[in-house]
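What follows is the residue order along each chain.
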Amino acid sequence: QKEVEQNSGPLSVPEGAIASLNCTYSDRGSQSFFWYRQYSGKSPELIMFIYSNGDKEDGRFTAQLNKASQYVSLLIRDSQPSDSATYLCAKSLRGAGGTSYGKLTFGQGTILTVHP
Amino acid sequence: IAGITQAPTSQILAAGRRMTLRCTQDMRHNAMYWYRQDLGLGLRLIHYSNTAGTTGKGEVPDGYSVSRANTDDFPLTLASAVPSQTSVYFCASSDGPARGTQYFGPGTRLTVL
């Protein structure tokens, strides 16, 4: 089993809908999870991170972490065509005092298309 | 400059040749990373450096070497390129306790024939 797995999609949603991107992981150790967005031909950019069970909201984006089921998801509300990109899920070990180590393990990415 | 720069933008290289990909950041970040991105495989860590003078191996280090002589520069060298090293290479940096929060350069597209 890969350490981080994503459905490569493509996932297609209509404009204004909620896009739900999912990621499962192995290893139950203390970890932080990151969602990166990558437009075609561009470099990845961080959207948000989460390390505690539950939801974390930032604008139209909500990250959800369920440690018992070993999955993390990203919800995008009111999806826009500009949200069309590849979304990368990544994890890293979490150290004492809230630190996260830099050795990221990425999933293969999910391609999201938001159509008008 | 602002952020991370990489050079060259793209390169076609004959197998067996030596190649150095350059990466420079002006954010004074302590940690730097090299990833390769291949279709269907996502980003994979090649090498990393937590601070100047130190380096470590990532998930796919074979065939690559790095050095970190100062804070700003983190070159990646392919000693003898092979076709399986055809990929897009990204350099990234991070700082502080949240090292998973990384800033990526624009990438280098390398083709080895």
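For the structure, see preceding data.
Values in this document were obtained by computation on a predicted structure and should not be read as measured data.

Definitions and limits used
- Residues numbered from 1 in each chain as written.
- Chains lettered and ligands numbered in written order.
- Predicted model: local features only at pLDDT ≥ 70, side-chain atom pairs only at ≥ 80, totals over all residues.
- Heavy atoms only, no water.
- Helix = DSSP H or I, 4+ residues; strand = E, 2+ residues; numbered from the N terminus.
- Rg over C-alpha atoms; globule rule 2.2 N^0.38 Å.
- Buried < 20%, exposed > 50% of the residue type's maximum accessible area, 1.4 Å probe, protein only.
- Core = buried A, V, L, I, M, F, W, Y, C linked by side-chain atoms within 4.5 Å.
- Pairing = 2+ DSSP bridges.
- Axes fitted to C-alpha atoms, helices over the stretch in contact; angles between N-to-C directions.
- Salt bridge = Lys/Arg side-chain N within 4 Å of Asp/Glu carboxyl O.

(A) Summary view of the overall build of chain B. Scanning chain B from terminus to terminus reveals zero helices and 11 strands. Along its sequence from the N terminus, chain B presents helices and strands in the succession β-β-β-β-β-β-β-β-β-β-β. In summary, chain B has a C-alpha radius of gyration of 13 Å against a globular reference of 13 Å for 113 residues, a match within 12%. Dimensions of chain B, computed from the C-alpha atoms along their principal axes, are close to 40 × 30 × 25 Å.

(B) Representation of unusual backbone geometry within the structure. Cis geometry is found at the peptide bond from A7(B) to P8(B), where omega equals -5°. Within the fold, P8(B) resides in the loop between β1 (4-7) and β2 (10-13). We note that Q70(A) has phi near 55°; this positive angle belongs to a residue other than glycine. Looking at the element boundaries, Q70(A) is found in the loop between β7 (61-66) and β8 (71-76). The exposure class of Q70(A) is buried, given its relative accessible area of 14%. The phi dihedral of R28(B) is positive, around 60°, even though this residue is not glycine.

(C) Structural context of the nonpolar core. Ranked by size, the top nonpolar core spans 22 residues in total, and within it W35(A), V72(A), L74(A), I76(A), Y87(A) and L112(A) carry the most contacts. Formed by 19 residues, the second largest nonpolar core is a distinct cluster that contains M19(B), L78(B), Y89(B) and C91(B).

(D) Expanded view of the sheet that holds strand β8 (residues 76-78) of chain B. All names here are of chain B. The antiparallel open sheet is built from four strands, whose spatial order is β1-β3-β8-β7. Only two strands of the sheet have a single partner each, and these edge strands are β1 and β7 (64-66). Between one strand axis and the next, the sheet turns by 20° as a mean value, whatever way the strands run. Two strands pair when backbone bridges link them, and β7 and β8 are joined in this way by three bridges, in the antiparallel orientation. Residue S65 lies in a different strand from β8, and its bridge partner there is T77.

(E) Seen up close, the pattern of salt bridges. All names here are of chain B. Overall, the coordinates contain seven salt bridges over all chains when judged by the stated rule. For D72, the salt bridge is made with R28, and the minimal N-O distance between the two is 2.9 Å. On the criterion of sequence distance, the pair formed by D72 in the loop between β7 and β8 and R28 in the loop between β3 (19-25) and β4 (31-38) is long-range, its members being 44 residues apart. A residue is classified by how much of its surface remains accessible, and R28, at 52% relative accessible area, is exposed. One salt bridge connects D38 with R44, and the closest N-O pair in it is separated by 2.9 Å. Here the residues in one salt-bridge network are R36, D38 and R44, joined through shared partners.

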